[in-house]
Amino acid sequence: MEEFPCEVIRYDDDAPLTGTIQMKSTGINQQVLDKLKVERERGITGGMIHMAHGKQHLLNLIDTPGHVDFAWEVSRSLAACQGALLLVDASQGVQAQSISVFHIAKERGLKIIPVLTKIDLPASQPERMAAQLKSTFGIDPSEILHISAKTGQGVNSVLRAIVDRIPPPSGNMNSPLKAFMFDSLYDRYRGVISLVSIQDGIIQKGDRIASCHTRKKYEITEVGVMHPEEVTTSSLQPGQVGYIACNMKESSEAHIGDTLHRVGVPVDPMPGFQPSKAMVYAGVFPVDSNDFIKLEESIKRLTLTDRSVTIQRESSTALGQGCRLGFLGTLHMDVFRQRLEDEYDANIIITAPTVPYKVVYKDKTVMVSNPTEFPDMSDTSSKVKQVQEPIVNASIIVPEEYMGEMMSLCFAHRAENLDHRYLDSGSTSEASARAILTCTLPLSEIVTDFFDQLKSRSSGYASFDYEDGGYKASDLAKMIFLLNGKPVDALALIVHRSAQHEVGRKWVKKLHKVIPRQLFEVPIQAAVGKKIIARETLSAMRADVTAGLYGGHYERKMKHLENQKESKRKMKRIGSVDLPQDAFFDILSTKGK
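What counts, and at which threshold
- Residues numbered from 1 in each chain as written.
- Predicted model: local features only at pLDDT ≥ 70, side-chain atom pairs only at ≥ 80, totals over all residues.
- Heavy atoms only, no water.
- Helix = DSSP H or I, 4+ residues; strand = E, 2+ residues; numbered from the N terminus.
- Buried < 20%, exposed > 50% of the residue type's maximum accessible area, 1.4 Å probe, protein only.
- Areas by Shrake-Rupley, 256 points an atom, 1.4 Å probe, with all protein chains shown as cover.
- Salt bridge = Lys/Arg side-chain N within 4 Å of Asp/Glu carboxyl O.
- Pairing = 2+ DSSP bridges.
- Phe/Tyr/Trp six-rings, centres within 6.5 Å; stacked < 30°, edge-to-face > 60°.
- Axes fitted to C-alpha atoms, helices over the stretch in contact; angles between N-to-C directions.
- Contact = heavy atoms within 4.5 Å.
- Parallel < 35°, antiparallel > 145°, perpendicular 65-115°, else oblique.
- Left-handed = near helix turned anticlockwise from the far one by under 90°.
- Nonpolar A, V, L, I, M, F, W, Y, C, P; charged D, E, K, R; others polar.
- pLDDT = per-residue confidence, 0-100.

Peer 1: Sorry if this is basic, but what is going on with the overall build of the protein chain here?
Peer 2: Across its full length, the protein chain holds 13 helices and 31 strands. Residues classed as buried in the protein chain amount to 49% of the 593 residues present. When the accessible surface of the protein chain is summed, it comes to about 29000 Å², and 49% of that surface belongs to carbon and sulfur atoms.

Right under this line is the structure:
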């Protein structure tokens, strides 16, 4: 990599054209996507290319996920870049998440290249979308590139713009080594593989390096670049991004945002990242309780490539030993679950997602993410002053004909401070104006089925983004479910008082469908405090005790039926209802729908 000094290197956030990826043969449907199966399916991809333009340039490209759940991944990727491509669909316009990522890139001082894509589509409106970019971001329409990746039109201009507009990274080859670690992954043979951006100095195989964060020392056994697969090189120079293997065994040692330096030549550490904050919590339990140790090890291995997941052991009387995990959002939780199942063959049950609540007592404040730890608000001896729930500042971009549906959806989920403005005038007859709707929503309202309803009510045209808005006092209560008068801790929920009756009725009906019938009558109840707010009764299985009676007085039949009734009363007093694992799986897999 010696032939690529800083001035011919560019980093960009977001490739057959450059020769890095071989052109496909006609009729063969080949794709170059992410290595992870789950990320291929969900379109969360990444890669790097090497190309020639006038003279040879080295381009490092990172494709960041657009979903709000991965905002931490985006900020981490942008830290290793000097510029970003702002890709906007010429037929759909600016999306909600584009606005938030744009501001993150601006705050980091990145050079932004606006690009309108899919201009070959019949429904594309490049002039209108250019005006939208100007009104939303203040971008000069003359700077916007118009391309079609499908036909190849204008793609060369993007590569030229990356070289011409984005400044090269700064760095001095003769300065002491300073490398910035922005990601890591695990290899079963080589241990932890770290992805680094070289700021100063040169790093080579055999060098001894140290971490500014942990102070531990390592010897480098392999150095290379991603092209797009791993390709070993003799060294990495200032401005280059690559991977290093250094016999690092423990995942906790690879601290994202760490600065690496040569042993004996300390440097000032670079500013790292804000630690990610879990927004959604869920309990993960093995279907077979004997598999807990294997599950825990699988989760620890997965967190090597996903540091934003928090882990804490927990136990449940109904589900046994498990882990309570914190995620950045529900898509993040779903991706993690799918990776557990795909990569480690885990057979798991995930409890209903909850958010972290702040319980303010007279003498202390406690964060509660597990519903079983939530205090009983009807108990006056609990000394609880108030309960606060997390809120988010949400943005929804939607065509104006769906504005009424979006407003009713937001109000149904306890939205406040609702406001809207138009992104463009909608002067063209074939398309309506698009508006951005802003509001404050409780986080607990959007972790269940809010996103599904948003897409359903807007025919898929709405885009949604949110950012943390702090905490706000709220009227909340813990709902528990009783089977034959005995509480089931794994099904506890934290609900708002305004929705407690609706939620209670919905859940007892679900329980009524999945709980197997017993030999005695089983009442299924939803309770808030000491008050029962919903009930369904599971009727008993009955044997036909009069089948063998032929003729005789009817009192003979009545005697047998009374004996049966008395036995069932006795069974109800002393019997217990065990909720089987598959019933839990049926209830929780429906995500509260």
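Peer 1: How should unusual backbone geometry be read in this particular structure?
Peer 2: A negative phi angle is the norm for most residues apart from glycine, just as the trans form is the norm for most peptide bonds. Non-glycine residue Arg215 carries a positive phi angle of around 70°. In this structure, Arg215 sits in the loop between β10 (208–211) and β11 (217–219). Residue Arg215 is classed as exposed on the basis of its relative accessible area of 63%.

Peer 1: Would you mind going over the pattern of salt bridges with me for this structure?
Peer 2: Think of it this way: side chains of opposite charge can pair up when their charged atoms draw near. According to the stated counting rule, one finds 13 salt bridges in the structure shown. Across the salt bridge formed by Glu343 and Arg339, the nearest N and O atoms sit 2.9 Å from each other. One end of the pair is Glu343 and the other is Arg339, both in helix α7 (residues 330–344) and four residues apart, which spans about a single turn. The class for Glu343 is partly exposed, based on a relative accessible area of 36%. The exposure class assigned to Arg339 is buried, which follows from its relative accessible area of 7%. Here the salt bridges do not stand alone but share partners, grouping Asp334, Arg337 and Glu341 into one network.

Peer 1: How should the pairing of strand β8 (residues 191–200) be read in this particular structure?
Peer 2: Side-chain direction in a regular strand flips from residue to residue, so the side chains alternate between the two faces of the sheet. With respect to burial, β8 is a largely interior element, nine of its 10 residues being buried. Of the strand pairs in this sheet, strand β7 (residues 178–187) and β8 are connected by nine bridges, and their pairing is antiparallel. Across the sheet, residue Tyr186 finds its bridge partner in β8, namely Val192. Where β7 folds back onto β8 in an antiparallel hairpin, the turn is made up of three residues. Here six bridges tie β8 to strand β15 (residues 241–248), and the two strands are oriented antiparallel to one another. In the sheet register, Leu195 faces β15, and the bridge partner there is Tyr243.

Peer 1: Any chance you could explain the packing of aromatic side chains here in plain terms?
Peer 2: The geometry of an aromatic ring pair is captured by two quantities: the separation of the ring centres and the angle between the planes. Under the criterion given, the structure shown has seven aromatic pairs. A ring pair is formed by Phe450 and Phe464, whose centres lie 5.1 Å apart and whose planes are at 55°; its orientation type is tilted. On the criterion of sequence distance, the pair formed by Phe450 in helix α10 (residues 450–457) and Phe464 in strand β26 (residues 463–473) is long-range, its members being 14 residues apart. By relative accessible area, which is 0% here, Phe450 ends up buried.

Peer 1: Can you help me understand the sheet that holds β7 in this one?
Peer 2: Strands belonging to one sheet form pairs held by backbone hydrogen bonds; the direction of such a pair is parallel or antiparallel. Read from one edge to the other, the open sheet built from eight strands follows the order β11-β10-β16-β7-β8-β15-β12-β13, with strand pairing classed as antiparallel. Of all the strands in the sheet, just β11 and β13 (230–232) have a single pairing partner and so form its edges. Shown here is a sheet whose adjacent strand axes are inclined to one another by a mean of 40°, direction ignored. With three bridges connecting them, β10 and β11 associate as antiparallel partners.

Peer 1: Would you take a moment to explain the pairing of strand β25 (residues 434–442) for this structure?
Peer 2: Burial of β25 is extensive: eight of the nine residues sit out of reach of the surface. As paired strands, strand β23 (residues 384–399) and β25 are joined by nine bridges and run antiparallel to one another. Along β25, the bridge assignment pairs Ala394 with Cys439. Note: strand β24 (residues 416–422) against β25, five bridges, orientation antiparallel. Bridging across to β25, Asp419 finds its partner in Thr438.

Peer 1: In this structure, what is going on with the sheet that holds strand β17 (residues 280–286)? I would like to understand it.
Peer 2: Read from one edge to the other, the open sheet built from four strands follows the order β18-β19-β17-β20, with strand pairing classed as antiparallel. Of all strands in the sheet, those bounded by a partner on one side alone are β18 (310–316) and β20 (348–350). Across the sheet, the mean angle from the axis of one strand to that of its neighbour is 30°, orientation sign disregarded. Across the face of the sheet, helix α6 (residues 292–302) comes into contact with β17, β18, β19 (320–327) and β20 while running at roughly 15° to β19. Across the sheet, α7 touches β17, β19 and β20, and the angle it forms with β20 is around 170°.

Peer 1: Can you help me understand the packing of α6 against α7 in this one?
Peer 2: The description of two helices packed together rests on the angle between their axes and the distance between the axes. Where α6 contacts α7, the axes come no closer than 11 Å and their chain directions differ by 115°. Taken together, the axes of α6 and α7 lie roughly perpendicular to each other. For α6 against α7, the interelement crossing comes out right-handed. Residue-level inspection shows Lys294, Leu295, Ser298, Ile299, Arg301 and Leu302 of α6 in contact with α7, the latter providing Phe336, Arg339, Leu340, Glu343 and Tyr344. Grouping the constituent residues of the contact of α6 with α7 by class yields six nonpolar, one polar and four charged.

Peer 1: Looking at this model, I keep getting lost on the environment of Pro516. Mind explaining?
Peer 2: Within the fold, Pro516 resides in the loop between α11 (500–514) and β30 (522–528). For the pair formed by Pro516 and Met541, sequence separation is 25 residues and the distance between their alpha carbons is 10.0 Å.

Peer 1: Is there a simple way to think about the packing of helix α8 (residues 403–412) against α10 in this case?
Peer 2: Closest axis-to-axis distance for the α8/α10 pair is 10 Å, and the angle between their directions is 160°. In this view, α8 runs roughly antiparallel relative to α10, as classed from their interaxial angle. At the point where α8 passes α10, the crossing takes the right-handed sense. On α10, the residues that touch Glu405, Met406, Ser408 and Leu409 of α8 are Phe450, Gln453, Leu454 and Arg457.

Peer 1: What exactly am I supposed to notice about the confidence of the model for the protein chain here?
Peer 2: For any part of a model where pLDDT is low, the fine detail of the predicted coordinates should not be relied upon. Chain-level pLDDT for the protein chain is 79 on average; 83% of the residues reach the 70-or-more range. In the predicted structure, residues 23–31 sits below a pLDDT of 50 and forms three contacts with residues beyond four places in sequence or in another chain. The low-confidence segment residues 426–430, where pLDDT is below 50, has seven contacts with residues more than four positions distant or belonging to other chains.

Peer 1: I would appreciate a short explanation of the environment of Gln525 in the present structure.
Peer 2: As for its placement among the helices and strands, Gln525 is situated in strand β30. Expressed as a C-alpha distance, the spacing of Gln525 and Lys509, which sit 16 residues apart in the sequence, is 9.9 Å. Aside from chain neighbours lying at most four places away, what touches Gln525 is Ile480, Phe481, Leu482, Val508, Ile532, Ala534 and Arg535.

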